[in-house]
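Examining the three-dimensional arrangement
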Amino acid sequence: MSYYKIENLEQYFKHYNKSVREPRKFWGKIAEENFTWYQQWDKVVDFNMADAEIKWFTEAKVNMAKNCIDRHLNKRGEKTAIIFEPNDPTEQALHITYNDLHQRVCKMANVLREQGIEKGDRVCIYLPMIPELAVSMLACARIGAIHSVVFAGFSASAVATRILDSDCKMVITSDGGYRGNKTIELKSIIDEALEKCPSVSSVLVVKRTNTEITMKQDRDIWLQPLLDGASDNSVAEIMDSEDPLFILYTSGSTGKPKGMVHTTAGYMVYSAYTFKNVFNYEENDIFWCTADIGWITGHSYILYGPLLNGATTVIFEGVPSYPDFSRFWEIIEKHKVSQFYTAPTAIRALAKENLEYIQKHHLKTLKVIGSVGEPINEEAWHWYNDNVGTKKCPIVDTWWQTETGGIMISPLAFITPTKPTYATLPLPGVQPVLMDDKGIEIERNQEVGSLCIAFPWPGIARTIWGNHQRYKDTYFSAFPGKFFTGDGALRDEVGYYRITGRVDDVVIVSGHNLGTAPIEDAINEHPAVAESAIVGFPHDVKGKALYGYVILKETGEIRNKENLFKEINQHISDHVGPIAKLDKIQYVSGLPKTRSGKIMRRILRKIAEGDFSNFGDTSTLLNPEIIEEIIAGKH
Ligand code: WT7
């Protein structure tokens, strides 16, 4: 019997139980039957949660790109692997077959090798949502280089931090990128970032917007001529299961961004398995995930998960509002999309628009619709269900994280009965537990606890690049022996999970995980600012928006506050990126701090939400009087 595809609810429970009782047999069989390996593993899993040491498919040899592409060529060579839908709807969409993709990736792999990139080297990819982004990632995977994709909305200093942290040798970028009616000058952002990054010896530049750029001698090279001259014959590198496949940065509540390291075999098995089952993927489905590949959602469900299953995946360059708010619906109709996977923030934004945008398009090819990135509120869930899924498509509310590599808790389309605001049941192999503040497991229903995972699954990130101690401290120390997610959740009487939001200082804005620390650092760099604290507060479209409490330096007269707010937001834009701007700002004379100097954010969060009651235990505060002052100053 095969475990790769779950056929019904009864079988889900069977597979689930098997995965808990005999995880090695369960994952071993899936790995064996659905992928090609150069060499088999010794042990399916080998782990020590106390030391945060986790290995899957030890000693096995494999190549991710071979599994994504070469493996399909016999059967699916002429099948479309990637549909590229450009920003401008009048520009022709591109259908890249598996054969085409193979050729493109092999050429790119040879270019990378000719430029001196070797197995284990880090390559930073800073590209818009164009085919070269996917091709670059797969080419890295083919030659064993570790890709570090940085979302093309990040600022020069944010890119520089990431390049430096993982010591990238090369950057792949483009002259510019289109986003709606804007053109983003990516190359000039890279030029600025590289002033601080001596490790980068070459920059490959894709021509996309024909924006005028400067090419630095001996460093910058146009990519196309190199590709034109490259052979399309490339031998894939034989990789160990635990060789890193990629680094992807995520924000934490403190300090610099964390370079989450995903390794080859476990991530491969997990992203493929979850894609197949959550979305009920069947041959000839057209899958569209609207995320940017620069986030984990794009890595796992635009690129790797779909290609590992030989699927057709859509890469959309643009935004939902360009040329108007019917764009998503137009694309679904045009490309006959079967599965549509987007974020609550997009759903809420589109729900605000006239229904005619959606009604003028046929969405009848859709069979499954999905949500990811933050809790989906009931109203948005119903709008999505009524208007996009027309009550015929199951909504898969998928809970997971950059750290988990793939979907962890989610309905399986057509199998798990859905319930608005509930991510429902764990995938096979995932063992969630809810913990109380004392570190005791909560067995009762309807009680919120810290969501932890008690046993490793193949997709878990293995470490933080260059800082295993931080990995251990962040994820394995709050509840010894368990992986702590940072989220709160409750469980209902049938065992369904509802994610209630972060229990730490991370704020999710428009589905983007924004660490408070880098934003506060950016604010504090403004010469007029002494100190700051930011928290999230509820927002109609973004889910959460940012509220900043700012202490100004005592430089006598404070200048125009309107301008100051703009300048502070510009600082954030420059240091982190435009997505991290504050919606509200309040100038305060102090922040509530504990004796150990830690800002008590839960109080600031309550004030920002307009809830001035029940601040809980404030006995550890050094300056409790500041609370009244902050409330009085709120407008
Ligand atoms: C955080 C992870 C996983 C891809 C996108 C975000 C929140 C994610 C859901 C959901 C409630 C969700 C959590 C999580 N989150 N999906 N379906 N319901 N919350 O990846 O940037 O690593 O953020 O996003 O708070 O911890 P990420």
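Residues numbered from 1 in each chain as written. Predicted model: local features only at pLDDT ≥ 70, side-chain atom pairs only at ≥ 80, totals over all residues.

Concerning the domain arrangement of the protein chain
As far as domains go, the protein chain holds domain 1 (1–63 + 262–502), domain 2 (99–237) and domain 3 (510–633). Computed from C-alpha coordinates alone, the two centres of domain 1 and domain 3 are separated by 33 Å. Between domain 1 and domain 3, the residue contacts involve 7 residues of the former and 6 residues of the latter. Split into classes, the residues belonging to the side of domain 1 that touches domain 3 amount to 3 nonpolar, 2 polar and 2 charged. (Domains from an automatic or database assignment. Contact = placed C-beta atoms within 7 Å. Nonpolar A, V, L, I, M, F, W, Y, C, P; charged D, E, K, R; others polar.)

Some details on the UniProt feature "domain: Acetyl-coenzyme A synthetase N-terminal" (unreviewed entry) in the protein chain
In the numbering adopted here, UniProt assigns the feature "domain: Acetyl-coenzyme A synthetase N-terminal" (unreviewed entry) to residues 12–68. Between the end C-alpha atoms of residues 12–68 there is a gap of 26 Å, over a span that is 47% helix and 18% strand. (UniProt positions renumbered as here; feature names shortened; annotations may be inferred. Helix = DSSP H or I, 4+ residues; strand = E, 2+ residues; numbered from the N terminus.)

A word on the site of the ligand
Taken together, 22 residues form the shell around the ligand, and within it Pro375, Gln401, Thr402, Ile499 and Asn513 come nearest. Elements supplying a minimum of two residues to the shell around the ligand: α11 (296–308), β20 (395–398), β24 (483–491) and β25 (497–502). With 3 residues, the top contributor of residues to the shell around the ligand is β24. Here the shell around the ligand is built from residues that sort into 9 nonpolar, 9 polar and 4 charged. (Near = placed C-beta within 6 Å.)

Quick word on the sheet that holds strand β28 (residues 529–539)
Read across the sheet, 3 strands follow the order β28-β29-β30 without closing on themselves; strand pairing throughout is mixed. Only two strands of the sheet have a single neighbouring strand rather than two, namely β28 and β30 (584–588). In this sheet, neighbouring strand axes are inclined to one another by 25 degrees on average, regardless of whether the strands run parallel or antiparallel. Here β28 pairs with strand β29 (residues 543–552) via 10 bridges, running antiparallel. (Pairing = 2+ DSSP bridges. Axes fitted to C-alpha atoms, helices over the stretch in contact; angles between N-to-C directions.)

Re the confidence of the model for the protein chain
Averaged over all residues, the pLDDT of the protein chain is 95; the fraction at 70 or higher stands at 98%. Per the prediction output, this complex has pTM 0.92; the corresponding ipTM is 0.99. (pLDDT = per-residue confidence, 0-100.)

A closer look at unusual backbone geometry
The omega torsion across Tyr322 and Pro323 is -5 degrees, close enough to zero to call that bond cis. For Pro323, the location among the structural elements is in the loop between β17 (312–316) and α12 (327–335). With a phi angle near 55 degrees, Phe57 is a residue other than glycine that sits in the positive phi range. Mapped onto the secondary structure, Phe57 falls in the loop between β2 (53–56) and β3 (61–62). C-beta crowding within 10 Å serves as the criterion here: with 30 such atoms nearby, Phe57 is assigned to the buried category. A positive phi angle is found at Asp218, which is not glycine, with a value near 65 degrees. Topologically, Asp218 is positioned in the loop between β11 (202–206) and β12 (220–222). Since 7 C-beta atoms lie within 10 Å of it, Asp218 is described here as exposed. (Buried ≥ 20, exposed ≤ 12 C-beta atoms within 10 Å, placed from the backbone.)

Focus on the sheet that holds strand β7 (residues 146–149)
The mixed open sheet is built from 8 strands, whose spatial order is β12-β11-β8-β6-β7-β14-β15-β23. Sheet topology places β12 and β23 (463–464) at the edges, where each strand pairs with a single neighbour. Pairing geometry for strand β6 (residues 122–126) and strand β8 (residues 170–174), over 4 bridges, is parallel. Note on β8: the bridge partner recorded for Cys124 is Val171.

Regarding the packing of helix α5 (residues 98–114) against helix α6 (residues 131–143)
Running from amino to carboxyl end, α5 crosses α6 at an angle of 65 degrees, the nearest separation of the two axes being 8 Å. Here the hand of the crossing between α5 and α6 comes out right-handed. Contacts from Arg104, Val105, Met108, Ala109, Leu112 and Arg113 of α5 reach α6 at Val135, Ser136, Leu138, Ala139, Cys140, Arg142 and Ile143. Here the residues of the contact of α5 with α6 are counted per class, giving 9 nonpolar, 1 polar and 3 charged. (Left-handed = near helix turned anticlockwise from the far one by under 90°.)

Digging into the environment of Gln586
Here Gln586 is to be found in strand β30. The class of Gln586 is partly exposed, set by 16 C-beta atoms lying within 10 Å. Sequence spacing of Gln586 and His635 is 49 residues, and the spatial spacing of their C-alpha atoms is 8.4 Å. The contact partners of Gln586, leaving out residues within four places of it in the chain, are Tyr549, Gly633 and Lys634.

Here's the deal with the environment of Asp243
Within the fold, Asp243 resides in the loop between β13 (239–240) and β14 (244–250). Sequence separation of Asp243 and Leu591 is 348 residues, and the distance between their C-alpha atoms is 45 Å. If sequence neighbours within four positions are ignored, Asp243 has contacts with Gly144, Thr263 and Thr264.

A few points about the pairing of β8
Side-chain direction in a regular strand flips from residue to residue, so the side chains alternate between the two faces of the sheet. With 5 of 5 residues buried, β8 is to be regarded as a mostly interior element. The two faces of β8 match: Met170, Ile172 and Ser174 on one face and Val171 and Thr173 on the other face are all buried. Taken together, the 5 bridges between β8 and β11 define a ladder with parallel strand orientation. From the neighbouring strand, Thr173 faces β11, where its bridge partner is Val205.

Quick notes on the packing of helix α17 (residues 516–524) against helix α18 (residues 561–575)
Between α17 and α18, the shortest axis-to-axis distance is 8 Å and the interhelical angle comes to 125 degrees. Of the possible angle classes, the one that applies to α17 and α18 is oblique. Along this stretch, α17 crosses α18, giving a crossing that reads as right-handed. Contacts between α17 and α18 pair Ile519, Ala522 and Ile523 from the former with Ile568, His571, Ile572 and His575 from the latter. Of the residues belonging to the contact of α17 with α18, the class tally is 5 nonpolar, 2 polar and no charged. (Parallel < 35°, antiparallel > 145°, perpendicular 65-115°, else oblique.)

Let's talk about helix α15 (residues 378–388)
Among all positions of α15, only Ala380, Trp381, Tyr384 and Val388 are buried. In an axial view of α15, the angular spread of the buried residues amounts to 105 degrees, which keeps them on one side of the axis. Residues Glu378 and Asp386 are exposed on α15 and point more than 90 degrees away from its buried face. Thr390 occupies a position one or two residues after α15 and carries a positive phi of about 40 degrees. (Arc of directions from axis to C-beta.)

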